[in-house]
Amino acid sequence: MSLDTAASKSPVEFDPFSSVFFEDPYEMYRRLRDEAPVYYSERYRFWALSRWDDVITAHREWQTFSSTFGVDLSTLRKGEKSTFDSIIMMDPPKHDRLRALVSRVFTPRAVTALEPMIREVITGYLDALSGRDAFDAVAEFSGPFPVEIICRMLGVPEPDRQQIRHWLDIGLHREPGQVDPTPEGVAAGIASGTYYYGLVAEKRANPTDDMLSRLTQVEVDRGDGHMTQLDDVEIAGFAGLLGGAGAETVTKLVGNAVVLFARHPDQWQKILDDPAKVAPAVEEILRYYPPSQYQGRYSVRDMTLHGTTIPAGYPVLLVTGAAARDERYFADPDRFDIDRPPSLALGFGYGIHSCLGAALARMESRIAIDELARRWPRFEIDEAGLRRVQMSNVAGYSNVPVHLPTHQ
């Protein structure tokens, strides 16, 4: 038996803290879907679902797969309900009441009104790169601009905005094989939470025209018929969630877009020929290589799929990155094709915890790709210089070196 054959016969292993996962998980995902659609990790003691239909079902079944125990394995493995006041770690009805407070900010109409500001920020970063023959598409562009946008909306002072991103990057980083954040990551999380708590207190005392100030003034039904204001801890939780999602998702999506288009110049030519294809291209990038590869839940009652029972009392990973390449649902799923027919989007989650800022993230990504195409119709990437992040729940690049022809 050859070594290749022997390897193919070995049991598939899904390790979300391995170099395989960080670098390129898609062959492993294929085996996961085919050989272990209801997967159990002996090493980390979690279950995982990877097929399209199963992931969709689990996202809908919040009564079985709860969010109240956390969203990453570091917290989920403790088996304790989270005390952190964030809607991403809540189930209905509390989740629904608090989500309604901020959802109005992210309606398509509200987001459309933000387009001039978003384009101003994006073009400002790109203008600063003009005249150069090389730049880093993440470090100098897709990294800094999304956090600038969400921080403007929240009301974070300009000097502090990029610090939010750096705290987040450090907090999400995982060393290979390590479930928990590094000591530096723990310290970054504390620093970020402390910062937001202090900012909320300042907004309550001296409100300005921004989201955090408005949240200090609204009232919410706690379920007992009484309306009360949100406290500073709850609002700081909102800020951390929105600031984190608003920074990381678009950063990784746009970085992934640059790499994908460099590797698929025929698809980039479609954008150059017809800018209206940028919007469907964003959807295909989300499907083909989503920034969020899985969402963490906790089983609170037994559920049986494909003859295997996921028992109550375990972390469960809903692997949307694998589901979005499921050949049971998609034709030729490993082909990157921006003309692919529309489908249900899992790239921003699904069900009650679908991303609040999905419309905002789509707009930011669309504008970023459109502006890149207008400025640099021809570009190349330095494959040897690509660097992927090693993060919990987030996938993509920290560095994407771009080289531009002298004459465009």
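**Some thoughts on the side chain of Asn256**
Looking at the element boundaries, Asn256 is found in helix 14 (residues 232-263). Look at Asn256 and you get buried, because its relative accessible area is 1%. Filtering out sequence-adjacent residues up to four positions away, Asn256 remains in contact with Ile285, Tyr289, Ala395, Gly396 and Tyr397.

**A few points about the sheet that holds strand 7 (residues 295-299)**
Working definition: the strands of a sheet are paired by backbone hydrogen bonds and lie parallel or antiparallel to each other. Taken in spatial order, the 5 strands of this open sheet run 1-2-10-7-3, and their pairing is mixed. Each end of this open sheet is capped by a strand with a single partner; those strands are strand 1 (38-41) and strand 3 (65-66). Examined bridge by bridge, strand 2 (residues 46-49) and strand 10 (residues 315-318) share 3 bridges and lie parallel to one another. Counted as the bridge partner of Ala48 is Leu317 from strand 10.

**Topic: the packing of helix 11 (residues 161-172) against helix 12 (residues 183-205)**
Contact geometry for helix 11 and helix 12: axes closest at 7 Å, N-to-C directions at 145°. Every pair of crossing elements has a handedness; the one defined by helix 11 and helix 12 is left-handed. Two secondary-structure elements touch here, helix 11 through Ile164, Trp167, Ile170 and Gly171 and helix 12 through Glu184, Gly185, Ala188, Ala191, Ser192, Tyr195 and Tyr196.

**Observations concerning empty space enclosed by the protein**
The full count for this structure, using the stated rule, is 2 cavities of 30 Å³ or more. The computed volume of the largest cavity comes to approximately 110 Å³. Lining the largest cavity are Phe135, Ala137, Ala257, Val258, Phe261, Trp268, Ile369, Leu372, Trp376, Phe379, Val402 and Leu404. Among the secondary structure elements, those contributing two or more residues to the lining of the largest cavity are helix 14 and helix 18 (358-375). Looking at the lining of the largest cavity element by element, the count peaks at 3 residues for helix 14.

**Comments concerning the packing of aromatic side chains**
Applying the stated criterion across every chain yields a total of 25 aromatic pairs. With a centroid separation of 6.2 Å and 55° between ring planes, the pair formed by Phe14 and Phe21 is classed as tilted. By the burial criterion, Phe14 is buried, and Phe21 matches it. Ring plane angle 55° and centroid distance 5.9 Å describe the contact between Phe21 and Tyr294, whose orientation is recorded as tilted. Placement of Phe21 in helix 2 (residues 19-23) and of Tyr294 in the loop between helix 16 (278-288) and strand 7 is noted, with a sequence separation of 273 residues between them. For Phe21, a relative accessible area of 5% puts it in the buried group. The class of Tyr294 is buried, set by a relative accessible area of 2%. Among the aromatic residues, ring-to-ring pairing joins Phe14, Phe17, Phe21, Phe22, Tyr26, Tyr29, Tyr39, Tyr44, Phe46, Tyr289 and Tyr294 into one connected group. Sitting over the ring of Phe330, Arg287 keeps its end group 5.2 Å from the ring centre.

**Comments concerning the nonpolar core**
Counting residues in each nonpolar core, the largest one holds 104 residues, and the members touching the most others are Phe14, Ile118, Phe145, Met153, Phe261, Val400 and Val402. When residues in this core are grouped by element, the largest group, 15 residues, is from helix 14. By size, the runner-up hydrophobic cluster in this structure holds 18 residues, among which are Leu305, Ile310, Tyr314 and Leu346.

**Thoughts on the state of the cysteines**
Tallying each qualifying case throughout the model produces 0 disulfides. Looking at the unpaired Cys151, the closest cysteine sulfur is the one in Cys355, lying at 16 Å. Its relative accessible area of 0% is what places Cys151 among the buried residues. On the accessibility criterion, Cys355 (25% relative accessible area) is partly exposed.

**Some points on the pairing of strand 2**
A two-sided burial pattern is seen for strand 2, the buried positions comprising Phe46 and Ala48 on one face and Trp47 and Leu49 on the other. In this sheet, strand 2 lies alongside strand 1 in antiparallel orientation, the contact comprising 4 bridges. The residue of strand 2 that forms the bridge with Val38 is Leu49.

**So, helix 8 (residues 115-127)**
The terminal C-alpha atoms of helix 8 lie 18 Å apart, and with 13 residues this matches the ideal 18 Å at 1.5 Å per residue to within 8%. For helix 8, every residue scored as buried is listed here: Met117, Ile118, Val121, Ile122, Thr123 and Leu126. For helix 8, the elements touching its buried residues are helix 9 (138-142), helix 10 (144-154) and helix 18.

Each value, and the rule that gives it
Residues numbered from 1 in each chain as written. Predicted model: local features only at pLDDT ≥ 70, side-chain atom pairs only at ≥ 80, totals over all residues. Heavy atoms only, no water. Helix = DSSP H or I, 4+ residues; strand = E, 2+ residues; numbered from the N terminus. Buried < 20%, exposed > 50% of the residue type's maximum accessible area, 1.4 Å probe, protein only. Contact = heavy atoms within 4.5 Å. Pairing = 2+ DSSP bridges. Axes fitted to C-alpha atoms, helices over the stretch in contact; angles between N-to-C directions. Left-handed = near helix turned anticlockwise from the far one by under 90°. 1 Å grid on protein atoms, 1.4 Å probe; cavity = no way out; pocket = protein on both sides within 12 Å on 5 of 7 lines; lining within 4 Å. Points joined across faces, edges and corners; volume = space filled by probe spheres on them. Phe/Tyr/Trp six-rings, centres within 6.5 Å; stacked < 30°, edge-to-face > 60°. Lys NZ or Arg CZ within 6 Å of the ring centre and 35° of its normal. Core = buried A, V, L, I, M, F, W, Y, C linked by side-chain atoms within 4.5 Å. Disulfide = S-S within 2.5 Å. Expected span 1.5 Å × (residues − 1).

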